[in-house]
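# Chain and residue survey
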Amino acid sequence: METAFFLLFSALTIFCALMVILQKNPLASVLFLVMTLFWLAALFVLLSAPFIAAIQVIIYAGAIMVLFLFVLMLLNLKAIEEGVKPALKVTGVAVALILLVVAAVVLRSVPIPANTGFSRSAAELGSVESIGQMLFSVYLLPFEIASFLLLAGIIGAIVLAKKDRKP
Amino acid sequence: MVVSLNHYLVLSAILFSIGVAGVLTRKNAIIIFASIELMMNAVNLAFVAFARHWGDPGGQIFVFFVVAVAAAEVAVGLAIIVVLFRQKETVNIDRVNLMKW
């Protein structure tokens, strides 16, 4: 059962990801990216990480992608004429394939240590309780730094997007 | 067939390669941005797969931080694209070679 779901979700994820980079219209491209994020959230549920799956849907697909669509519609872009040289296209795809082959070789040759020490059950692993407990104890400093980073992002976006700046 | 860690890592590598191909072959700045998001999500998948493999929630917490960084990055990056469009009336990266030497 899990195998069937994994195959289904991964096939859909790869299909939607391919459509993201193959679409001419940027709007369709971003909408396919939203679909990709949804299928990835389904894969996270399979990996017993329901909290991360919820975050993926609410923050990524819900907030970040809405920002994408908002800017896209604000700019009112037509599908820009992309004078991409075929040579550049072939080179780009070749580089991506080489990267994939290198990753496959690394995966085959590097042994991944088996589970040692940590022995949490699958239900306990991704629960809000266990994640929250670690987030506010072990990872408290990175959590606070992340909030400062978001503050800097907000201020940066406002400063950049202000209409008339006196030089 | 039992779904193992390797299956998820291969899927993650495929998604990352698709993102790299998108960055290298497209000229629309927004689609390049979307491809970068694709690569980030491929890495997130690998993190969650390792978290399950080792039974350690640390990987899932790292995904949390990656999402926070992605949110900040998208806010600033899209603001830059808006300013760029106002100045040049295009988001084709070939027309934007201000910093090219």
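This text follows the structure it describes.
Here we summarise the structure given alongside this text. (Residues numbered from 1 in each chain as written. Chains lettered and ligands numbered in written order. Predicted model: local features only at pLDDT ≥ 70, side-chain atom pairs only at ≥ 80, totals over all residues.)

### So, the packing of helix α1 (residues 5-25) of chain B against helix α2 (residues 29-54) of chain B
Residues and elements named next belong to chain B. To keep it simple, the criterion reads: To obtain each axis, a line is fitted to C-alpha atoms, and for helices this fit is confined to the stretch in contact; angles are then taken between N-to-C directions over 0 to 180 degrees. The secondary structure listing takes helices from DSSP runs of H or I that are at least 4 residues long and strands from runs of E that are at least 2 residues long, numbered from the N terminus. Reported orientations rely on four angle classes, namely roughly parallel under 35 degrees, roughly antiparallel over 145, roughly perpendicular from 65 to 115, and oblique for the rest. Handedness of a helix crossing follows the sense of rotation of the near helix relative to the far helix, less than a right angle counterclockwise being left-handed and clockwise being right-handed. Placing C-beta atoms from the backbone, we regard two residues as in contact once those atoms come within 7 Å.
α2 packs onto α1 with a crossing angle of 165° between their chain directions and a minimal axis gap of 8 Å. Between α1 and α2, the crossing angle belongs to the class labelled roughly antiparallel. Here α1 runs over α2; the crossing is left-handed. Contacts between α1 and α2 involve L5, Y8, L9, L11, S12, L15, F16, I18, G19, V20, G22 and V23 from the first element and I31, I32, S35, I36, L38, M39, N41, A42, L45, A46, A49 and H53 from the second.

### Here's the deal with the environment of B:V66
Residues and elements named next belong to chain B. Rules: Put plainly, a residue is buried at 20 or more neighbouring C-beta atoms within 10 Å of its own, exposed at 12 or fewer, and partly exposed in between, counting only other residues' C-beta atoms, which are placed from the backbone.
Along the chain, V66 turns up in helix α3 (residues 58-88). With 15 C-beta atoms counted inside 10 Å, the residue V66 sits in the partly exposed group. Sequence spacing of V66 and E89 is 23 residues, and the spatial spacing of their C-alpha atoms is 32 Å. Each residue touching V66, except ones within four places of it in the same chain, is listed here: M40, V43 and N44.

### Quick look at unusual backbone geometry
Glycine aside, a negative phi is what most residues show, and trans is what most peptide bonds show. One non-glycine residue, A:S48, lies in positive phi territory at about 50°. Following the sequence through the fold, A:S48 ends up in the loop between α2 (26-46) and α3 (50-75). In this structure A:S48 comes out as buried when scored by C-beta crowding, with 21 C-beta atoms within 10 Å. Notably, B:E89 is not glycine yet its phi reads approximately 60°, a positive angle. Tracing the backbone through its elements, the reader meets B:E89 in the segment after α3.

### Some points on the interface of chain B and chain A
Counted only if it meets this: Throughout this entry, Asp, Glu, Lys and Arg are counted as charged residues, while Ala, Val, Leu, Ile, Met, Phe, Trp, Tyr, Cys and Pro are counted as nonpolar. The remaining residues, Gly among them, count as polar.
With 63 residues of chain B in contact, the opposing surface of chain A contributes 70 residues. Contributing elements (two or more residues each) for the side of chain B that touches chain A: α1, α2 and α3 of chain B. Considering each element in turn, the side of chain B that touches chain A owes the most residues, 21 residues, to α3(B). In the side of chain B that touches chain A, the residues fall into 45 nonpolar, 13 polar and 5 charged.

### Re α2(A)
Under the convention used in this document: To estimate how far a helix should reach, multiply one less than its number of residues by 1.5 Å.
If you check α2(A), its first and last C-alpha atoms are 30 Å apart, about what 21 residues at 1.5 Å a residue would give, namely 30 Å. Among the residues making up α2(A), those that are buried are A:P26, A:S29, A:V30, A:F32, A:L33, A:V34, A:T36, A:L37, A:L40, A:A41, A:L43 and A:F44. Buried residues along α2(A) sit in contact with α1 (2-22) and α3 of chain A together with α2 of chain B.

Spatial relationships are all this shows, so hold off on functional conclusions.
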